Amino acid sequence: MAGHEEFVEADNAEAIITRIEHKSRKIESLLKQSKPVEALKTALEGSPPKTRDERCKSANWIVVHRAIMAIKDVDGMFSSLDPEYYDILMKYLYRGLATGDRPTCDQCLRIHEKLTERAGLGCILRALADTVNTV
C-alpha cells in the first residue's frame, strides 16, 4: 500500500529486539534518575515496532508497560508530554487494559481518563481504528 511504511520480515526481528533492549536500558537509567516522563517518551518513540513479529511487539510492550507503571503524577506527566505521543499512548493503554492485571488496569484507567480529557474522543477512535500499526 502506498503511503504505509513497510513492515520488516522476521529475519530483521533480531535487530528490532536489540533496539528494544537498548531502549529498555535507557528507560531504566531514566527511572533511576527519577525522570518517569522522559522514560515514557523514550518507550513510546519508535513504537509500535514496524513488524508483525509478536516477539518484538511483546518485548516493546514490556518496555512501555514499565514506563507507564512508573508514572505517579498523571497530571504532571501531561504537562510535559507532547500531544504527538497521545495516540500511541492510547493504544498501549488499551493493550494494558487487555491484560486483566489489576494494578496495570488501574494505572491505565487513571491515565486513560486524563488522556481522554486532553486529547478527546478522536484519540480513542484513532487508536481503535488503526489495524495496521498494532501494538
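Above this note sits the structure.
Reading the values: rules and limits
Residues numbered from 1 in each chain as written. Predicted model: local features only at pLDDT ≥ 70, side-chain atom pairs only at ≥ 80, totals over all residues. Heavy atoms only, no water. Helix = DSSP H or I, 4+ residues; strand = E, 2+ residues; numbered from the N terminus. Rg over C-alpha atoms; globule rule 2.2 N^0.38 Å. Buried < 20%, exposed > 50% of the residue type's maximum accessible area, 1.4 Å probe, protein only. Core = buried A, V, L, I, M, F, W, Y, C linked by side-chain atoms within 4.5 Å. Contact = heavy atoms within 4.5 Å. Axes fitted to C-alpha atoms, helices over the stretch in contact; angles between N-to-C directions. Parallel < 35°, antiparallel > 145°, perpendicular 65-115°, else oblique. Nonpolar A, V, L, I, M, F, W, Y, C, P; charged D, E, K, R; others polar.

## Considering the overall build of the chain
Alright, step 1. Across its full length, the chain carries seven helices and zero strands.
Alright, step 2. Taking 2.2 N^0.38 as the reference for a compact globule, 135 residues should give roughly 14 Å; the C-alpha atoms of the chain span a radius of gyration of 15 Å, in line with that estimate.
Alright, step 3. With the C-alpha coordinates of the chain rotated into their principal frame, the extents come out at 40 × 35 × 30 Å.
Alright, step 4. By residue count, 42% of the 135 residues in the chain fall in the buried class.

## Structural notes on the nonpolar core
Alright, step 1. Ranked by size, the top nonpolar core spans 39 residues in total, and within it Leu40, Ile68, Met77 and Leu89 carry the most contacts.
Alright, step 2. Looking at this core element by element, the count peaks at eight residues for helix α3 (residues 54–70).
Alright, step 3. Those residues within four positions of Ile68 in sequence are excluded, and the remaining contacts are Leu40, Trp61, Leu89, Tyr92, Leu93, Gln107, Cys108 and Ile111.

## So, the packing of helix α6 (residues 102–119) against helix α7 (residues 121–129)
Alright, step 1. The geometry of α6 relative to α7 is characterised by a closest axis approach of 6 Å and an angle of 110 degrees between their N-to-C directions. In this view, α6 runs roughly perpendicular relative to α7, as classed from their interaxial angle. Judged by residue contacts, His112, Leu115, Thr116 and Ala119 of α6 engage Leu121, Cys123 and Ile124 from α7.
Alright, step 2. Residues that form the contact of α6 with α7 fall into these classes: five nonpolar, two polar and no charged.

Keep in mind that these numbers describe shape and distance, not what the molecule does.
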